[in-house]
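What follows is the residue order along each chain.
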Amino acid sequence: RSALYLTRYRCSGVGLALCMRLLEEDGRIHLCIACRDTQKSMDTRDRILAVHPAAQVSTVEVDLGNLASVLRVARELRCRFQRLDFVYLNAGIMPNPHVNYKALWHGLLTGKVLHMLTTAEGIMTQTDRLNGDGLQEVFATNLFGHFILVRQLESLLCGNEKPSRLIWTSSSNARESAFSLSDYQHAKGRESYSSSKYATDLTSVVLNRKFNKQGLYSSVVCPGLVMSNMTYRILPVFLWKLLMPIMWLIRFFAKTYTLTPYNGAEAHVWLFKQKPEYLDGLVKYHSCISGLGKSYVEPRKIDVDEETAEKFYQKLLELEKQTLERYSDLLD
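The structure displayed is predicted, hence computed values, not measured ones.

**Some remarks on the environment of F139**
At step 1: Of note, F139 is situated in helix α6 (residues 137-152).
At step 2: Among the residues examined, F139 registers a relative accessible area of 3% and is labelled buried.
At step 3: Considered as a pair, F139 and Q185 are 46 residues apart in the sequence and their alpha carbons are 5.5 Å apart.
At step 4: With residues up to four places along the chain from it excluded, the contact list for F139 reads F144, Y184, Q185, F312, L316 and L319.

**Some details on helix α13 (residues 306-324)**
Count 3.6 residues to each turn of an α-helix, and residues three or four apart come out pointing the same way.
At step 1: Along its 19 residues, α13 runs 27 Å from first to last C-alpha, staying within 8% of the 27 Å computed at 1.5 Å per residue.
At step 2: Of the residues making up α13, those classed as buried are A309, F312, Y313, L316, L319, E320, T323 and L324. One side of α13 holds all its buried residues, which, seen down the axis, span an arc of 125 degrees. Counted as exposed and oriented over 90 degrees from the buried face of α13: E307, K321 and Q322.
At step 3: Against α3 (67-80), α6 and α8 (192-211) lie the buried residues of α13.

**Re unusual backbone geometry**
At step 1: One non-glycine residue with positive phi stands out, namely H186, at about 60 degrees.
At step 2: Given the relative accessible area of 8%, H186 is considered buried.
At step 3: Of note in the backbone geometry, L259 takes a positive phi value of approximately 65 degrees without being a glycine.
At step 4: The topology assignment puts L259 in the loop between α10 (237-250) and α11 (261-264).
At step 5: We classify L259 as buried; its relative accessible area is 3%.

**A look at the pattern of salt bridges**
At step 1: As enumerated under the stated definition, the model contains 18 salt bridges in all.
At step 2: Taking the shortest distance from any N to any O, the salt bridge between R80 and E76 comes out at 2.8 Å. Of this pair, R80 and E76 are both found in helix α3, 4 residues apart, which corresponds to roughly one turn of the helix.
At step 3: The residue R151 makes a salt bridge to E320 at a minimum N-O spacing of 3.0 Å. Within this pair, whereas R151 is found in helix α6, its partner E320 is found in helix α13, the two being separated by 169 residues in sequence.
At step 4: Under the relative-accessibility criterion, R151 is labelled partly exposed at 27%.
At step 5: Connected via shared salt-bridge partners are R209, K210, E306 and E310.

**Looking at helix α2 (residues 38-51)**
At step 1: An ideal rise of 1.5 Å per residue puts 20 Å on 14 residues; α2 measures up with 20 Å between its terminal C-alpha atoms.
At step 2: Looking at α2, one finds that the buried residues are S41, T44, I48 and L49. Taken end-on, α2 shows its buried residues confined to a sector of 135 degrees, consistent with a single buried face. In α2, the exposed positions that point more than 90 degrees away from the buried face belong to Q39 and A50.
At step 3: In the core, the buried residues of α2 are packed alongside α1 (14-25), β2 (30-35) and β3 (56-61).
At step 4: Two or three places before Q39, at the opening of α2, D37 has a side-chain oxygen 3.1 Å from that residue's backbone nitrogen.

**Brief notes about the nonpolar core**
Across soluble globular proteins, nonpolar side chains show a tendency to be buried alongside one another.
At step 1: Of all hydrophobic cores here, the largest spans 56 residues; its most connected members are L4, F144, L153, L166 and F312.
At step 2: Counting residues per element, this core draws most heavily on α6, which supplies 8 residues.
At step 3: Apart from residues no more than four positions distant in its own chain, L166 is found in contact with V87, L89, V150, L157, L207, L216, Y217, S218 and S219.
At step 4: The next biggest cluster of nonpolar side chains, apart from the first, holds 31 residues, and it includes L18, C35, F86 and Y88.

How each quantity is defined
- Residues numbered from 1 in each chain as written.
- Predicted model: local features only at pLDDT ≥ 70, side-chain atom pairs only at ≥ 80, totals over all residues.
- Heavy atoms only, no water.
- Helix = DSSP H or I, 4+ residues; strand = E, 2+ residues; numbered from the N terminus.
- Buried < 20%, exposed > 50% of the residue type's maximum accessible area, 1.4 Å probe, protein only.
- Contact = heavy atoms within 4.5 Å.
- Expected span 1.5 Å × (residues − 1).
- Arc of directions from axis to C-beta.
- Salt bridge = Lys/Arg side-chain N within 4 Å of Asp/Glu carboxyl O.
- Polar contact = N/O pair within 3.5 Å; in protein donor to acceptor, adjacent residues only side chain to side chain.
- Core = buried A, V, L, I, M, F, W, Y, C linked by side-chain atoms within 4.5 Å.

Fair warning: the whole summary comes from geometry, so function is off the table for now.
Below, the structure written as structure tokens:
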């Protein structure tokens, strides 16, 4: 079996833990790491092979925020693989995150602070910008680049003897209130990360409706709150050092405080072992942990309207047509 794992800069945190755990589940898989930084992905490959010396691990270079790069890697993957059994769509960015301390204090006074700390609702904003393709960078990297890649790899994903799987990393921060069909790239808002993750949920729902009959199944997962490179950029280092003991205590009340990459990968690995025909396409699978440290997976219904999901999918197709006209030389 083959598994393609997409990351942004390096395969670390949940990504590295996932790769290690997948090989523990099945050492016969061919694991391909797709990363923007070739050297870092090679370093990760070496780390994996140090633990699993007999594993088949390869790398490809791709920047999910650059459409030309996405099209080039799709062409390379079509040449290298006859099929893809699993595609882990994990690459994501959260540029210039800002914490609203006033809102956090208000949540503390009103008793909503636990909900805010587990979802980041109302307390975290980002500053987005346009990328080289004229798209909002967060939307392009967190969703649209993945969408284009999936579309370009349909020949490897559909019509195989066994089903193929898309597993998207979503978030508990994916909220309908942050998303708008009229501004689906979130150019006018300050919660681009939340919007992109809600858009991910919408996309997965429609992909199931469009492609299940062709043997392609899509799922979304939430790794919970994991201490990773992305997380550490939200607050100054000294604050994290002060907060870590408190966060371990909060875990007794907030089951999504997975904290470690190993725990955060629980839902990804669980889905690897399931038969997709029996999964619910309208469910998000959350990595959770008990106060005593036992990892488990909790399915929760996705808060999406299927009509909105279909309208958004049509907008993605329209945007795909518009943007790919510039890259006809990279299309077969």
